[in-house]
Amino acid sequence: MKFGLLGRVLGHSLSPQIHQAIFRALGTGDTYGLLEREPEAIPSFIRENPEGLRGSNVTIPYKETVIPYLTAIAPEAEKIGAVNTLSFTPDGVKGYNTDYLGFDRMLQAAGIGLEGRDVTVLGNGGAAKAVLQVLADRKAASIRILVRDREKAGQALAHFLAQRPDTRLETYEEALEGSEGGQVIINTTPVGMYPKVEASPVPAEFTGRFAAAVDIIYNPKETWFLADGRKAGAKTCNGLYMLVAQAVASEEIWQGKTLDPALIPAIMKQLEATFHG
Ligand code: NAP
């Protein structure tokens, strides 16, 4: 069966490597390719499936673009307003959001609970939307989002804010002036990602106010943000599990079966060997 990643510019993607590792583990002869398409090709890509795909992942800038052309959408993808997985079936095309599933499974594997916890999220981009939906569905007691531009963030997250109107948007300056901490802090910004590793979105003192620090960046393995948390005694978790788990969750949708959870750490190990730090 044929699978792929739909996007516009995809040169650096790790997805083929991850999915091919899954195919090897399953012993299938399936293939996974990069599908770079211009915006005008999206409607026919979905409606006519000219590649004869069984499934596809979707990345920037098409996670929202694909939605009007779907036959059905999974509840988590509908709530988030973004789709990163398409399943082509005889009944039509269904969209899912496995970033959501990957993030949820990662926190469970790391033993970082959300229910009843005070959680601070850094950033308000595409990945933040999936993260925030997990926080809401797992019943975080309070959600605070640190942003650079409150007005822009309010617009970008309007859909989520309507669902959890008790969510607070604060600027970094406001948060750093105050003394509020919490149980969990999650970085969803690209600050600290390879190759610009010598940076953190917040000072060490701020990260040290939380019992657990989660970074969805996976390269380097330990960002400055995570190192600050570790030095302050926090439990830490990088984004590699999420990256692999979202691919495994997509495969589970396409293959119609649950895969062995041991596959995730096995693939993480293979990828880590190619990373920095
Ligand atoms: P995105 O949509 O471009 O959003 C980036 C967010 O970070 C925006 O809110 C942006 O703020 C903020 N930001 C950027 N530079 C900043 C800075 N210098 N200081 C403070 N905030 C800053 O990107 P994304 O798709 O959400 O991805 C974000 C990160 O998550 C990337 O590192 C990506 O690799 C990682 N990621 C990991 C996984 C995984 O599976 N582990 C999955 C998805 C993404 P403004 O709105 O003010 O511009």
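Please refer to the structure placed before this passage.
All of the points below concern the structure found in this document. (Residues numbered from 1 in each chain as written. Predicted model: local features only at pLDDT ≥ 70, side-chain atom pairs only at ≥ 80, totals over all residues. Heavy atoms only, no water.)

**Some details on the sheet that holds strand β1 (residues 2-7)**
And step 1. On the basis of which strands lie adjacent, the open sheet formed by six strands has the order β2-β1-β3-β5-β6-β4 and mixed pairing. Each of the sheet's edge strands pairs with one partner strand only, and the pair in question is β2 (31-36) and β4 (72-73).
And step 2. Bridging between strand β5 (residues 85-89) and strand β6 (residues 92-96) involves five bridges; their strand directions are antiparallel. Bridge pairing in β6 places L86 opposite G95. (Pairing = 2+ DSSP bridges. Helix = DSSP H or I, 4+ residues; strand = E, 2+ residues; numbered from the N terminus.)

**Comments concerning the nonpolar core**
And step 1. Membership of the largest hydrophobic core comes to 50 residues, with the highest contact counts inside it found for I18, F103, L135, V214, V244 and L271.
And step 2. Considering every element that reaches this core, the biggest residue donor is helix α11 (residues 240-255), with eight residues.
And step 3. Not counting chain neighbours up to four residues away, the residues in contact with V214 comprise F103, M106, L107, I112, V184, I185, I186, N187, F225, L226 and C237.
And step 4. Judged by nonpolar contacts, the second largest core, of 15 residues, contains Y62, A77, L86 and V93. (Core = buried A, V, L, I, M, F, W, Y, C linked by side-chain atoms within 4.5 Å. Buried < 20%, exposed > 50% of the residue type's maximum accessible area, 1.4 Å probe, protein only. Contact = heavy atoms within 4.5 Å.)

**Section: the packing of α11 against helix α12 (residues 263-272)**
And step 1. Interhelical geometry of α11 versus α12 gives an angle of 125 degrees and a closest axis separation of 9 Å. With respect to α12, the axis of α11 lies oblique. Here α11 and α12 pass one another in a crossing that is right-handed. From α11, L240, Y241, L243, V244, A245 and V248 reach across to α12, where they touch I264, I267, M268, L271 and E272. (Axes fitted to C-alpha atoms, helices over the stretch in contact; angles between N-to-C directions. Parallel < 35°, antiparallel > 145°, perpendicular 65-115°, else oblique. Left-handed = near helix turned anticlockwise from the far one by under 90°.)

**Observations concerning the packing of helix α4 (residues 98-110) against α11**
And step 1. Between α4 and α11, the shortest axis-to-axis distance is 7 Å and the interhelical angle comes to 125 degrees. The pairing of α4 with α11 is recorded here as oblique in orientation. Like other packed secondary-structure pairs, α4 and α11 cross with a definite hand, here right-handed. Together, T98, D99, L101, G102, F103, R105, M106 and A109 of α4 and Y241, M242, A245, Q246, V248, A249, S250, E252 and I253 of α11 make up the contact between the two elements.
And step 2. For the contact of α4 with α11, the residue count by class is ten nonpolar, four polar and three charged. (Nonpolar A, V, L, I, M, F, W, Y, C, P; charged D, E, K, R; others polar.)

**Points about the environment of S87**
And step 1. Mapping S87 onto the fold places it in strand β5.
And step 2. In this structure the C-alpha to C-alpha distance between S87 and R168, which are 81 residues apart in sequence, comes to 35 Å.

**Here we look at the packing of aromatic side chains**
Each aromatic ring pair is described using two quantities: the centre-to-centre distance and the angle formed by the ring planes.
And step 1. Taken as a whole, this structure holds four aromatic pairs when the rule is applied.
And step 2. An aromatic cluster of at least three residues, connected via ring pairs, comprises F3, F23 and W254. (Phe/Tyr/Trp six-rings, centres within 6.5 Å; stacked < 30°, edge-to-face > 60°.)

**Concerning the sheet that holds strand β8 (residues 142-147)**
And step 1. Pairing is parallel across the open sheet formed by six strands, whose spatial order is β9-β8-β7-β10-β11-β12. Either end of the sheet is taken by a strand with one partner, and the two such strands are β9 (168-171) and β12 (235-237). The average undirected angle you get between the axes of adjacent strands in this sheet is 20 degrees.
And step 2. Summarising the sheet, strand β7 (residues 118-122) and β8 pair through five bridges and their orientation is parallel. Considered in β8, the bridge of T120 is made with R144.

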